[in-house]
Amino acid sequence: MKPIDPALLTKFFNNQCTAAERQQVTAWLDTPEGRAWLSSSIQQDLEQGEGHTLPRTERSGEIYQRILAATSAQDTTSPQWRWFDRSRGTGRLKAAAVIAGVIAISFAAWQLLRQDNKTVTYTTAYGEIRTITLPDQSVVTLNGNSTLRYSRHWDKAAQREIWIQGEAFFDVKPASKKGFVVHTSRHINVEVLGTSFNVLDRDTRMQVVLNTGKVRLSGGAAAIKAPIIMQPGQLVEFKEKNSTYQQQQVNTEQYASWKSHKLQFHNADLKEVAQVLQETYGLTVTIADTTLLHQQFSGTVPSGSADILLDGLSQLFNLKIKRKDVTVNIERNRQ
């Protein structure tokens, strides 16, 4: 698609376009270039606080309202889009989908940027490891494909709170008066005071491993019928299917080895290895030989990149591993 004419955009937001021009603009706004332009425009409004009569978040909302008004006008001035028949229904459905997509994109961007004014957010890419120092000098190591968020006024809050999705290792500095709470997407809260622990909160599993100190697990999860007090060296893993949890003593180094760009496996089956490849590196794993899924492995492999990890797994477990883009095929090495 050709670059959009700035004059046409001006006409669009002033509701001066013809039906064909409105359709051209909404189609462009639903392209990567259009979405990037929209996000940039809202971001600029948020950053231009001085000299405007409206607060920043209200200016972002104004952009959203202009999009909504323009697309609504497009619908009302083109009533034939609301009627469908077998011969022309598909094209009109696509046009309506474009309008809905633009509204959703603009509203999501506005909400996201509005939230960013109130919070500090860190996100890692697949395979990336990032170290974050919190305002109280506690240190968080964020694993790949993970997000950490906390309030910009964290130091002034009566209770210090952090929201995590993915995997992170916390080394929390002692604080005599303020608690430290980590919230997960599964509504499980980890309450700590001067301790170190690993939190894994992925789509397929949720677990907490305590290295030092003491933590208290609570929250609205069905598995937690009463607060769980963890001691050093313990792992608590939650089972969503039957709303239970498993608590056991483990080698804590194994669960935080990713911090040092290596992965330790102890009696791990290939299904668990495939989960790591998918969750942390964004790879899709294919294993045609189902007997391999239950074969257990033990060992340590480097994890600095997906290719290094795959090569290490191949050598350690005597597997034939082929990668094409984000798809990985694993089979027995029959040589």
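Residues numbered from 1 in each chain as written. Predicted model: local features only at pLDDT ≥ 70, side-chain atom pairs only at ≥ 80, totals over all residues. Heavy atoms only, no water.

### Regarding helix H2 (residues 19–29)
Three or four residues apart is the spacing at which side chains of an α-helix point the same way, because the helix has 3.6 residues per turn. The set of residues buried in H2 consists of Glu21, Arg22, Val25, Thr26, Trp28 and Leu29. Angularly, the buried residues of H2 cover 160° about the axis, an arc narrow enough to put them on a single face. (Buried < 20%, exposed > 50% of the residue type's maximum accessible area, 1.4 Å probe, protein only. Helix = DSSP H or I, 4+ residues; strand = E, 2+ residues; numbered from the N terminus. Arc of directions from axis to C-beta.)

### Quick notes on the nonpolar core
In this structure, Leu148, Phe170, Phe180, Val190, Phe197, Leu217 and Phe238 are the most contacted members of the largest nonpolar core, which totals 33 residues. Top contributing element to this core by residue count: strand S5 (residues 160–171), with 4 residues. Setting aside anything within four residues of it in sequence, one finds Phe197 in contact with Ala168, Phe169, Phe170, Val172, Val182, Val190, Val192, Val208, Val209, Leu210, Asn211 and Val215. Listed in part, the 24 residues of the second largest apolar core include Phe169, Val276, Leu310 and Val328. (Core = buried A, V, L, I, M, F, W, Y, C linked by side-chain atoms within 4.5 Å. Contact = heavy atoms within 4.5 Å.)

### Focus: unusual backbone geometry
A positive phi angle, near 60°, is found at His261, a position not held by glycine. For His261, the position within the fold is in the loop between helix H6 (252–255) and strand S14 (262–269). Residue classification places His261 among the partly exposed positions, given a relative accessible area of 39%. In the Ramachandran plot, Asn267 falls in the positive-phi region, its phi being about 50° despite a non-glycine side chain. If you trace the backbone, Asn267 turns up in strand S14. Overall, Asn267 belongs to the partly exposed group, its relative accessible area being 43%.

### A word on the sheet that holds strand S17 (residues 319–324)
Sheet strands pair via backbone hydrogen bonds, and the direction of the pair is either parallel or antiparallel. The strand order S15-S18-S17 describes an open sheet built from 3 strands, whose pairing is mixed. Where the open sheet ends on each side, the last strands, each with one partner, are strand S15 (284–286) and S17. The mean angle between the axes of side-by-side strands here comes to 20°, regardless of whether they run parallel or antiparallel. Pairing between S15 and strand S18 (residues 327–332): 3 bridges, direction parallel. Each residue of the ladder has a partner; that of Thr284, found in S18, is Thr327. Along the sheet face, helix H8 (residues 306–317) touches S17 and S18 and points at about 160° away from the line of S17. (Pairing = 2+ DSSP bridges. Axes fitted to C-alpha atoms, helices over the stretch in contact; angles between N-to-C directions.)

### Quick word on the pattern of salt bridges
Counted by the stated rule, this structure contains 7 salt bridges. Arg332 is the partner of Asp289 in a salt bridge, and the nearest nitrogen-oxygen pair spans 3.0 Å. On the criterion of sequence distance, the pair formed by Asp289 in the loop between S15 and strand S16 (296–302) and Arg332 in strand S18 is long-range, its members being 43 residues apart. According to the relative accessible area criterion, Arg332 is partly exposed, its value standing at 31%. (Salt bridge = Lys/Arg side-chain N within 4 Å of Asp/Glu carboxyl O.)

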